[in-house]
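So you can see what is in the structure, the chains are spelled out below.
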Amino acid sequence: MPPAHRNDGSVPPVGAQALFDDVMWADAVVRCADAGNTGNTGTGTQRPLTARPLRDRPGALLHGSCDLDTRPILSAALGVVTRIPGPVVHLDLSGVAFLDAAAVAALVQANATVTGQGRRLLLHHPPYSLRKVVEMFPDECAALEVAA
């Protein structure tokens, strides 16, 4: 029987088992301790930021909003993502409703960390807010790589 914290069907990418046991994932999900004070979607519904390991490749899936309230969670999640082994680390943003400029800066820093290790950070399904920040700061965001 698989461990209880893997009940969502997550399977660690090859070579990354140790990271799934890392306390940083907090049972494979990084969540805000106080979900009631996290990013507001504008609909009156609060959306905590979560990060889950990808099932099919090395990386993570973010879900929620990346703003002032969830900045510590994003930082912790990106810290784990930058330690996932492999030549390419994938960050799926399909579940992200909003990224503020500081969150984009954190992505740029994570990209620089991974690139400094001779690897690539590949972003998937960037939200509209990321594309807008990249348009405003093209030079600063030029190193970000988005999957086709």
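Residues numbered from 1 in each chain as written. Predicted model: local features only at pLDDT ≥ 70, side-chain atom pairs only at ≥ 80, totals over all residues. Heavy atoms only, no water.

**Q** Honestly, the nonpolar core in this entry has me stumped. Any pointers?
**A** Most often, soluble globular proteins keep nonpolar side chains buried together rather than apart. Leu 62, Leu 91, Leu 93, Leu 99, Leu 107, Leu 121 and Leu 130 are the most contacted members of the largest nonpolar core, which has 27 residues in total. Sorting the residues of this core by element identifies strand 2 (59-66), helix 2 (71-81), strand 3 (88-99), helix 3 (101-116), strand 4 (120-124) and helix 4 (128-136) as the ones contributing at least two each. Leu 62 has contacts with Leu 49, Thr 50, Ala 51, Leu 74, Ala 77, Leu 91, Asp 92, Leu 93, Gly 95 and Val 96, leaving out every residue within four places of it along the chain. (Core = buried A, V, L, I, M, F, W, Y, C linked by side-chain atoms within 4.5 Å. Buried < 20%, exposed > 50% of the residue type's maximum accessible area, 1.4 Å probe, protein only. Helix = DSSP H or I, 4+ residues; strand = E, 2+ residues; numbered from the N terminus. Contact = heavy atoms within 4.5 Å.)

**Q** Help me understand the side chain of Arg 119 in this model?
**A** Tracing the chain through its elements places Arg 119 in the loop between helix 3 and strand 4. Put simply, Arg 119 is tucked away with no salt bridge, and the nearest opposite charge, on Glu 145, sits 12 Å away. Here Gln 117 takes part through its side chain, which lies 2.6 Å from a polar atom of the side chain of Arg 119. When sequence neighbours within four positions are dropped, the list of residues in contact with Arg 119 reads Thr 82, Ile 84, Pro 85, Gly 86, Pro 87, Val 89 and Val 114. (Lys, Arg positive; Asp, Glu negative; His and termini not counted. Salt bridge = Lys/Arg side-chain N within 4 Å of Asp/Glu carboxyl O. Polar contact = N/O pair within 3.5 Å; in protein donor to acceptor, adjacent residues only side chain to side chain.)

**Q** When you look at the pairing of strand 2 in this model, what are you seeing that I'm missing?
**A** Remember that side chains alternate between the two faces of the sheet whenever the strand is regular. Extensive coverage of strand 2 is indicated by the burial of six of its eight residues. When strand 1 (residues 50-53) meets strand 2, the two strands line up antiparallel, connected through four bridges. Bridge assignment links Ala 51 to a residue of strand 2, and that residue is Leu 62. As defined by bridge partners, strand 2 adjoins strand 3 across seven bridges and the pair is classed as parallel. Following the sheet pairing, Leu 61 is matched in strand 3 by Asp 92. As for the winding sense of the linkage, the β-α-β connection from strand 2 through helix 2 to strand 3 is right-handed. (Pairing = 2+ DSSP bridges. Right-handed = clockwise from strand over helix to strand, strands pointing away.)

**Q** I would appreciate a short explanation of unusual backbone geometry in the present structure.
**A** Across the chain, the bulk of peptide bonds are trans and the bulk of non-glycine residues have phi less than zero. Despite not being glycine, His 125 has its phi angle at roughly 55°, a positive value. Within the element layout of this structure, His 125 appears in the loop between strand 4 and helix 4. Taking relative accessible area as the criterion, His 125 reaches 51% and is therefore assigned exposed.

**Q** Where do I start with the environment of Val 104 in this structure?
**A** Mapped onto the fold, Val 104 is located in helix 3. Taking the C-alpha atoms as reference, Val 104 lies 8.8 Å from Cys 66; in sequence the two are 38 residues apart.

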